[in-house]
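Secondary and tertiary structure notes
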Amino acid sequence: MRYEVKAVLARQGTVFLELDAENEDDARLQVVSQGGMVLQVRRRFAGWMPRSRLRFPLAHFSQELLSLLEAGLSLVESIETLLDKERDPAVRKVIEGLLGRLYEGVTLSSALESYPQAFPPLYVATARASERTGDLPEALTRFIGYQAQMDLVRKKLIGASIYPVLLLVIGLLVAVFLLIFVVPKFSAIYEDIGSDLPWLSVMLIEWGRFVHEQGWQFAITATALLAATVYGVTRPAFRIWFNRQLWRVPAIGEHMRVYQLARFYRTLGMLLRGGIPITRALEMVSGLLQPHFRPRVQAAAVRIKEGKTISSAMEAEGLTTAVGDRMLRVGERTGLMGEMMERIGNFHDEEISRWVEWLTKLIEPVLMAVIGGVIGGIIILMYMPIFQLAGSVN
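The present account deals with the structure reproduced in this document. (Residues numbered from 1 in each chain as written. Predicted model: local features only at pLDDT ≥ 70, side-chain atom pairs only at ≥ 80, totals over all residues. Heavy atoms only, no water.)

Considering the overall build of the chain
Going by this rule: For the purposes of this entry, the term helix denotes a DSSP run of H or I that reaches at least four residues, the term strand denotes a run of E that reaches at least two, and both are numbered from the N terminus. Each residue gets one of three labels from its accessible area relative to the maximum for its type: buried under 20%, exposed over 50%, partly exposed in between, using a 1.4 Å probe on protein chains only. The contact definition used throughout considers only heavy atoms, calling two residues in contact when any of these lie within 4.5 Å. With residues, only the protein chains shown are counted as cover, and all accessible areas are computed by Shrake-Rupley using a 1.4 Å probe.
Scanning the chain from N- to C-terminus turns up 16 helices and three strands. Burial statistics for the chain: of 394 residues in total, 38% are counted as buried. For the chain, the proportion of contacts with a sequence separation of at least 24, taken over those separated by at least 6, is 58%. Roughly 22,500 Å² of accessible area belongs to the chain as shown, and the carbon and sulfur atoms make up 62% of that amount.

Structure representation (structure tokens):
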């Protein structure tokens, strides 16, 4: 759901934000995690169709900015160059505002904070960490590498799901075509045979007669149900409910947990390598996880503040696996905790990729068998009267 929040942020004063949150408390938590104070929260009506959001090309912007900085241009000159070449009005507006803030003498991280719809908190934190070290190109390189890894995992998941979804959609369309256009033709031919047919064939013929006689009413009802289904599926509340149901399935829920942990450790490792303290990094990363993970991350931060080691705090809150726990202990001994967390993320990403590949290979033949059975069953039931008539003639 979409919420409008009036809040007070450090170095920005009173601002108005638009946030995607599960409920009002979640929206408040997102603002507080950024060090702000909430003044007012109001739910915003998103309309009947999903509202389009600004698609700021963050990865492309970062890559071009890095190239200009490495070429010897200053930060302001680099932003001016990016503004000159940009043609998209929405993107130009963001870059113009960013450049205007830099002209005013504010830091890059403060300027980025003024546009939360384009620059996520993680990006702002990376820029702020670079301001301490004075090495913005290194920070951008680190973020680009992180984003590339995240996009690679996402593309693997999407690519693996394309063929099963396409197979399912085509099978359903063929079955609907048979039931709506072909079966009614056969039912008109078989009207005089009905009582001597198998029960399933009789039901199929009755369905064809119903579609033939009540076609318009059926089409209107089906269209209304389809529109209501599409509307419900596109709502954030449905996605939250659907995710909760998936988490309850043991085989799927455990792998979803591993995927979340991979994202968690990869992001946390990037922030630690950028020089951000572990407790502050945990506060920032919690907003990227599923809602039921966030209390665990906050509890782990409290344990670390109390003097517990990172590995023991993560293990106590269920934020690690057997492999991840051992790698965390190695990171504590060597002092390379940031690099070790990124390795944990890589290890779990590979585990998820193998599982998705295996699941895809299993689902494809199952779907083909089910869809083939449904379509073949409909065709057999349609021709059953012909077989029955041929047998009686013989």
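Things to note about the packing of helix α10 (residues 236-248) against helix α11 (residues 250-273)
Formally: Lines fitted to the C-alpha atoms define the axes, with helices restricted to the stretch that makes contact. Angles between their N-to-C directions range from 0 to 180 degrees. Any angle that falls under 35 degrees is termed roughly parallel, while one over 145 is termed roughly antiparallel, one within 65 to 115 roughly perpendicular, and all others oblique.
One can describe the packing of α10 onto α11 by two numbers: an axis separation of 5 Å at closest approach and a directional angle of 110 degrees. When the axis of α10 is compared with that of α11, the two are roughly perpendicular. Residues N243, L246, W247 and R248 of α10 pack against P250, I252, G253, M256, R257 and Q260 of α11.

Structural notes on the side chain of R257
You can see R257 is positioned in helix α11. Ignoring any residue separated from it by four or fewer positions in sequence, one finds R257 in contact with W247, F293, G318, T320 and T321.

Description of the pattern of salt bridges
The cut-off we apply is this: For this analysis, a salt bridge means a side-chain nitrogen from Lys or Arg found within 4 Å of a carboxyl oxygen belonging to Asp or Glu.
Tallied over the entire structure, the rule returns 14 salt bridges. We note a salt bridge from K85 to E64, for which the minimum N-O separation is 3.2 Å. Linking K85 in helix α3 (residues 75-85) with E64 in helix α2 (residues 58-70), this pair joins segments that are 21 residues apart in sequence. A salt bridge links R329 to E315; its shortest N-O distance comes to 3.1 Å. One end of the pair, R329, is in helix α15 (residues 322-334); the other, E315, is in helix α14 (residues 310-316), with 14 residues separating them in the sequence. Here R329 falls in the partly exposed class, since its relative accessible area comes to 35%. Its relative accessible area of 44% is what places E315 among the partly exposed residues. Three or more residues joined by partner-sharing salt bridges are found here, namely R273, E339 and E342.

Here's the deal with α2
The cut-off we apply is this: What a helix is expected to span follows from its residue count: subtract one and scale by 1.5 Å.
For α2, built from 13 residues, the straight-helix expectation of 18 Å at 1.5 Å per residue is met to within 8% by its first-to-last C-alpha distance of 18 Å. Among the residues of α2, L58, F61, S62, E64, L65, L66, L68 and L69 are the ones counted as buried. Phi turns positive, to about 105 degrees, at G72, one or two residues after α2.

Looking at the environment of I276
Mapped onto the elements, I276 comes out in the loop between α11 and α12 (278-286). For I276, a relative accessible area of 8% puts it in the buried group. In this structure the C-alpha to C-alpha distance between I276 and R128, which are 148 residues apart in sequence, comes to 9.0 Å. In this structure I276 touches A125, A129, R132, L271, A281 and M284, once residues within four positions along its chain are discounted.

A look at the packing of α11 against α12
Here is the rule we go by: Note on convention: near helix rotated counterclockwise from far helix by under a right angle means a left-handed crossing. Clockwise means right-handed. Under this grouping Gly is polar, as are all residues other than the nonpolar Ala, Val, Leu, Ile, Met, Phe, Trp, Tyr, Cys and Pro and the charged Asp, Glu, Lys and Arg.
The N-to-C vectors of α11 and α12 enclose an angle of 140 degrees; their axes lie 10 Å apart at closest approach. Comparing their axes, α12 and α11 come out oblique. Here α11 runs over α12; the crossing is right-handed. Counted together, F264, T267, L268, L271 and L272 of α11 and I278, A281, L282, M284 and V285 of α12 form the full contact between these two elements. Tallied by class, the residues present in the contact of α11 with α12 amount to nine nonpolar, one polar and no charged.

Examining helix α4 (residues 89-103)
Along its 15 residues, α4 runs 21 Å from first to last C-alpha, staying within 8% of the 21 Å computed at 1.5 Å per residue. Every buried residue belonging to α4 is among V91, V94, I95, G97, L98, L99 and L102, and all of these are buried. On its buried face, α4 is in contact with α2, α3 and α5 (108-113). Remark: G105 follows α4 within two positions and exhibits a positive phi of approximately 95 degrees.

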